[in-house]
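# A closer look at the structure
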Amino acid sequence: REKDDKYKTWMPKFLMVKEDKDQGESSDDVERNIFKVKKRNAEKCKMEREEKFFRETFMYDKEINVISTATAESSVPSKRRVDLPVTAGEQLEVIDVTEGNAVICRNSEGRYGYVLVEHLNFR
């Protein structure tokens, strides 16, 4: 009898959920919202990880401020880990100017690295 009672109480709840699905927000929408939150958190963690790597590699202890924005004129692969690979037309944020002919930039994915000034178009 106890088993039968459990099933009887469970079945109406199951049927009610199906009926309520048409009225309000569906369970699929709730699940999608949960995945969006997780995706945002993952992106935030990735950005923090990239910034931490940048600060350790470049020994950069200043506050990160965007000086200017630039567009990459040509695609350039990175030869070293500290170089930032860029593609033609990519928007970059210039973070700092170095003594040579390179600047420290950040791309839309949050990666940092050196880019030669000759590959950039400042507007």
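All values reported here derive from a predicted model rather than from experimental measurement. (Residues numbered from 1 in each chain as written. Predicted model: local features only at pLDDT ≥ 70, side-chain atom pairs only at ≥ 80, totals over all residues. Heavy atoms only, no water.)

A count of helical and extended segments in the protein chain gives two helices and five strands. Traced from its N-terminal end to its C-terminal end, the protein chain shows the element sequence α-α-β-β-β-β-β. Relative to its 123 residues, the protein chain shows a buried fraction of 24%. On the protein chain, roughly 9800 Å² of surface is accessible, and the fraction owed to carbon and sulfur atoms is 52%. (Helix = DSSP H or I, 4+ residues; strand = E, 2+ residues; numbered from the N terminus. Buried < 20%, exposed > 50% of the residue type's maximum accessible area, 1.4 Å probe, protein only. Areas by Shrake-Rupley, 256 points an atom, 1.4 Å probe, with all protein chains shown as cover.)

It is worth spelling out the nonpolar core at this point. Of all hydrophobic cores here, the largest spans ten residues; its members are A70, A72, L84, V86, L92, V94, V103, C105, V115 and L120. Going through the elements one at a time, strand 1 (68-72), strand 2 (91-97) and strand 3 (102-106) are the ones with two or more residues in this core. When residues no more than four places from it in sequence are discounted, the contact partners of A70 are E90, Q91, L92, V94, L120, N121 and F122. One finds F58, V82, I104 and Y112 within the second-largest nonpolar core, a separate group that totals eight residues. (Core = buried A, V, L, I, M, F, W, Y, C linked by side-chain atoms within 4.5 Å. Contact = heavy atoms within 4.5 Å.)

On to the pairing of strand 2, then. Every other side chain in a regular strand lies on the same face of the sheet, so the side chains alternate between the two faces. Pairing of strand 1 with strand 2, which is carried by four bridges, proceeds in the antiparallel orientation. Among the inter-strand pairings, T69 is bridged to a residue of strand 2, identified as E93. Relative to strand 3, strand 2 is paired through four bridges, and the arrangement is antiparallel. When the bridges of strand 3 are listed, V97 appears paired with V103. Where strand 2 folds back onto strand 3 in an antiparallel hairpin, the turn is made up of four residues. (Pairing = 2+ DSSP bridges.)

Here we come to empty space enclosed by the protein. For the coordinates displayed, the defined rule picks out one cavity of 30 Å³ or more. Space inside the largest cavity adds up to approximately 40 Å³. Considering the residues around the largest cavity, the lining is formed by E50, F53, F58, R81, V82, R111 and Y112. The greatest single-element share of the lining of the largest cavity, amounting to three residues, is contributed by helix 2 (residues 27-58). Counted by class, the lining of the largest cavity contains four nonpolar, no polar and three charged residues. (1 Å grid on protein atoms, 1.4 Å probe; cavity = no way out; pocket = protein on both sides within 12 Å on 5 of 7 lines; lining within 4 Å. Points joined across faces, edges and corners; volume = space filled by probe spheres on them. Nonpolar A, V, L, I, M, F, W, Y, C, P; charged D, E, K, R; others polar.)

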